[in-house]
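Listed below, chain by chain, are the residues.
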Amino acid sequence: MITHRHTPVVITIVLFAALFALGSAQYEGFFSLRVFLNLFTDNAFLAVTAMGMTFVILSGGIDLSVGSVIAFTGVLTAVLIQAGWPLYVVFPLVLAIGWGFGAGMGCLIHYYRLQPFIVTLAGMFLMRGLAIVVSERSVPIEHAAYDAINTMGFMLPGRGFVGAQTILLAVVLVGAVILAHYRRFGTYVYAIGGDREAAGLMAVPVAHTTIGIYALSSFLAALAGIMFSFYTSSGYALAAVGLELDAIAAVVIGGTLLTGGSGYIVGTLAGVMLMGLVQTYISFNGSLNSWWTKIVVGLLVLIFVCVQRIQQPRMGNSQ
Amino acid sequence: MSRPLFSLDAMRRHGALWPLVALGLIWLVIFLVSPGFFAFSVQDGRILGGVVDIMNRGAPVALIAIGMSLVIATGGIDLSVGAVMAIAGAVAANLLVGSELPVLVIMGAGLCAGLVAGLMNGALVAGMGIQPIVATLILLVAGRGVAQLLNDGQIITFQSEAFAFIGVGALLGLPMPVWFVFLVLIAMLGLTRATALGLFIEAVGANASASRYAGISVRSIKLAVYAIAGACAALAGLIATADIQGADANNVGLWIELDAILAVVIGGTSLMGGRYSLVLAVIGALIIQSLNTAIILSGIPPKFNLVIKAVVIIGVLLLQSSIVQAQFAMLRARLAP
């Protein structure tokens, strides 16, 4: 049942379909399962990051450190693998570091009442700096498991390939949707985003939830970092610069209000897909420069934000 | 009854104590690491020395921090300033290469471009009520694309001694960028403190609805501060372009918005809006630039730059936090018999 609250997500999906149709009409080979599934493979790490960002934004906060966490995770993973550490130690370790880092930021934000923007900004500098300290150069990853997982997957009719990235993305998606809509944690997140003080008065555990939200966001960013290391078979300290902005754009295009309290995980996924489709369209065109992607994404954010404003008259003039 | 103007008490009340202490500490570190840094001399009509160097390199951040202070004071934020720098530089470079207009007119054109960008941001925030982060995010993402469009994807270079003077010239010994910071600072101080505008800006940031009921035109104020921020960013962009005699839409002002926001926050202005201080924002910019210089001079490998910066920022934030100060007070009370 589609209510008016679903409108932004529906609009995103409609736009996606429209652009897909336009591309199919214009370019040979656009209308194929392969192009569609490639969107998932190529943008899986961004989607996972953006889903974590959704939780943060739903609670009324923001997390600028995710791109740096991806880079740090990637480069640390690469360096440890090169040093001979086994994967079953490396992966849990980097995920735990991500989780702990996010929890630390959450503590600063909640207990010292520092603004999320500044704390995560400092976190971004810290993680990027630590990544550079670990290794200034790109570190290649050569591991049998990496080769195996990168080729793992199955073919669908139409030469579409569903690989490990897509499968992991699907798992995270299901987990995130369950967490957001079928678990108390999700309810708490929406409550805090709606009105922090009222939530506290309603016995929502604001401290635990806030710390949990930022821990979750950094955890998913670390997971995305692992996925990115599979995608590039390397770790690089300067990777994913500016990715946090792409994640925020995806969340906004997916219909989540930046003030918090309203939005859907599925919307974010649709936002990522739409942004990926724009990139695909431009690369099929070949003659448009890639900075057109930036302009189009900017315009999309503008359109969606305006739609949100028109839809929310009761936000009114309290700005 | 007369009170000394520069008493410690007056500084603490004004909120200037901690920023000045931080600046002093960093300069002390620089002095310990490289005592000759602060020596100055006069050559070819220019003053050469550490302090002037810090002010010169920190000028773009300081300019942007001035505009950013006003925006933050209204409870907003402007993430697009780097992109506006790129746009202004692109406009100026194209005019310098493609026309014979006088330098002042070209500067004016660049400033107008910044003003227009700022007005766009302001229209989105004030007119449509869109959140500042998102509204300025749009220009942040799209703005460099627009600048690239203007430049046709190239880095446009030009030869114009007159225009380059803005970035590399000197007047009465001080570099031009430093003069621009002084000029803009004094102009903005005059505009906001000698009139009621500053009061209105603080009121809008403190409580927008109450301000509206009190008769302040919240929309006009918000529109105005974003326009000013855009113009300041444009000026910084013109200086950067003049410095290299080229317009590089990809790299100019990259991430400078973060440094500017940091400068404003270090200067004591809260991101929630309300009271602000332009002078402290400029001091914040000096702190950031001094920190960069200290790291370079200390011989610490540059790869540790960001980590040190992050630790210092968190330290400053914690020191400024009233909760931490309360904890210190409790600790002091418990330790004192």
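In this text the structure is predicted, and so the values were computed from the model without any measurement.

**With respect to the overall build of chain B**
- A count of helical and extended segments in chain B gives 16 helices and 6 strands.
- Taken along its principal axes, the extent of the C-alpha atoms in chain B is 75 × 55 × 45 Å.
- Per-residue burial for chain B yields a buried fraction of 52% across its 337 residues.
- For chain B, contacts bridging at least 24 residues in sequence account for 76% of all contacts bridging at least 6.

**Side note on the interface of chain A and chain B**
- With 40 residues of chain A at the interface, the matching set in chain B holds 45 residues.
- With both sides pooled, the region where chain A packs onto chain B buries about 4,000 Å², and carbon together with sulfur makes up 81% of that total.
- Applying the counting criterion to the chain A and chain B interface returns 0 salt bridges.
- The interface formed by chain A and chain B contains 1 residue pair in polar contact (both at pLDDT 80 or more).
- Residue assignment for the side of chain A that touches chain B shows that the elements contributing at least two residues are α4 (87-111), α5 (116-134), α11 (243-253) and α13 (291-311) of chain A.
- If you tally residues by element for the side of chain A that touches chain B, the top one is α5 of chain A, at 12 residues.

**A few points about the environment of A164 of chain B**
Residues and elements named next belong to chain B.
- Relative to the elements of secondary structure, A164 occurs in helix α8 (residues 161-168).
- By relative accessible area, which is 5% here, A164 ends up buried.
- For the pair A164 and G246, spaced 82 residues apart in sequence, the C-alpha to C-alpha distance is 9.7 Å.
- Once you skip the residues sitting within four places of it in the chain, A164 turns out to touch G169, A242 and Q245.

**Topic: the environment of A227 of chain B**
- Within the secondary structure, A227 of chain B sits in helix α12 (residues 218-244).
- On a C-alpha basis, the gap between A227 of chain B and G315 of chain B in space is 33 Å, while along the polypeptide they are 88 residues apart.

**Quick word on the pattern of salt bridges**
Residues and elements named next belong to chain B.
- Using the criterion set out here, one finds 3 salt bridges over all chains in the structure.
- In this structure, R193 engages E202 in a salt bridge whose closest nitrogen and oxygen atoms are separated by 3.2 Å.
- On the accessibility criterion, R193 (41% relative accessible area) is partly exposed.

**Re the state of the cysteines**
- Applying the stated criterion across every chain yields a total of 0 disulfides over all chains.
- Of the cysteine sulfurs around C112 of chain B, a residue in no disulfide, the closest is that of C232 of chain B, at 14 Å.

**Describing the nonpolar core**
- F117 and V301 of chain A together with F163 and I261 of chain B are the most contacted members of the largest nonpolar core, which has 209 residues in total.
- Looking at this core element by element, the count peaks at 16 residues for helix α2 (residues 33-58) of chain A.
- Ignoring sequence-local partners within four residues, the contact set of V301 of chain A consists of A249, V252 and I253 of chain A together with V134 and I138 of chain B.

**Quick word on helix α12 (residues 265-285) of chain A**
Residues and elements named next belong to chain A.
- With 21 residues, α12 extends 31 Å from end C-alpha to end C-alpha; this agrees with the ideal 30 Å at 1.5 Å per step.
- Of all 21 residues that make up α12, 16 are buried, and the element is covered over most of its length.
- Looking one or two residues beyond α12, the residue adopting positive phi is G286, at roughly 80 degrees.

**Here's the deal with the side chain of T209 of chain A**
Residue and element names in this part refer to chain A.
- With respect to the helices and strands, the residue T209 is situated in helix α10 (residues 206-232).
- You can call T209 buried: its relative accessible area is 3%.
- When residues no more than four places from it in sequence are discounted, the contact partners of T209 are F185, Y188, V189, I192 and V204.

**A few points about the packing of helix α4 (residues 59-73) of chain B against helix α14 (residues 278-297) of chain B**
Residue and element names in this part refer to chain B.
- Remark: α4 packs on α14, axes separated minimally by 9 Å, with the N-to-C direction vectors making an angle of 140 degrees. Note on packing geometry: the crossing formed by α4 with α14 is right-handed. Facing α4, whose interface residues are V61, A62, A65, I66, S69 and L70, α14 presents L278, A281, V282 and A285.

**Brief notes about unusual backbone geometry**
- For A240 of chain A, which is not glycine, the phi dihedral falls at a positive 55 degrees.
- According to the relative accessible area criterion, A240 of chain A is buried, its value standing at 15%.
- Of note in this structure, W255 of chain B is not a glycine but carries a positive phi near 65 degrees.
- Note on placement: W255 of chain B falls in the loop between β6 (246-247) and α13 (256-266).
- Overall, W255 of chain B belongs to the partly exposed group, its relative accessible area being 30%.

**Some remarks on the confidence of the model for chain B**
- Confidence in the prediction for chain B averages 87 pLDDT; 96% of positions are at 70 or higher.
- Here the predicted complex scores 0.85 on pTM and 0.79 on ipTM.

Conventions we followed
Residues numbered from 1 in each chain as written. Chains lettered and ligands numbered in written order. Predicted model: local features only at pLDDT ≥ 70, side-chain atom pairs only at ≥ 80, totals over all residues. Heavy atoms only, no water. Helix = DSSP H or I, 4+ residues; strand = E, 2+ residues; numbered from the N terminus. Buried < 20%, exposed > 50% of the residue type's maximum accessible area, 1.4 Å probe, protein only. Contact = heavy atoms within 4.5 Å. Buried area = accessible area lost by both parts, 1.4 Å probe. Salt bridge = Lys/Arg side-chain N within 4 Å of Asp/Glu carboxyl O. Polar contact = N/O pair within 3.5 Å; in protein donor to acceptor, adjacent residues only side chain to side chain. Disulfide = S-S within 2.5 Å. Core = buried A, V, L, I, M, F, W, Y, C linked by side-chain atoms within 4.5 Å. Expected span 1.5 Å × (residues − 1). Axes fitted to C-alpha atoms, helices over the stretch in contact; angles between N-to-C directions. Left-handed = near helix turned anticlockwise from the far one by under 90°. pLDDT = per-residue confidence, 0-100.

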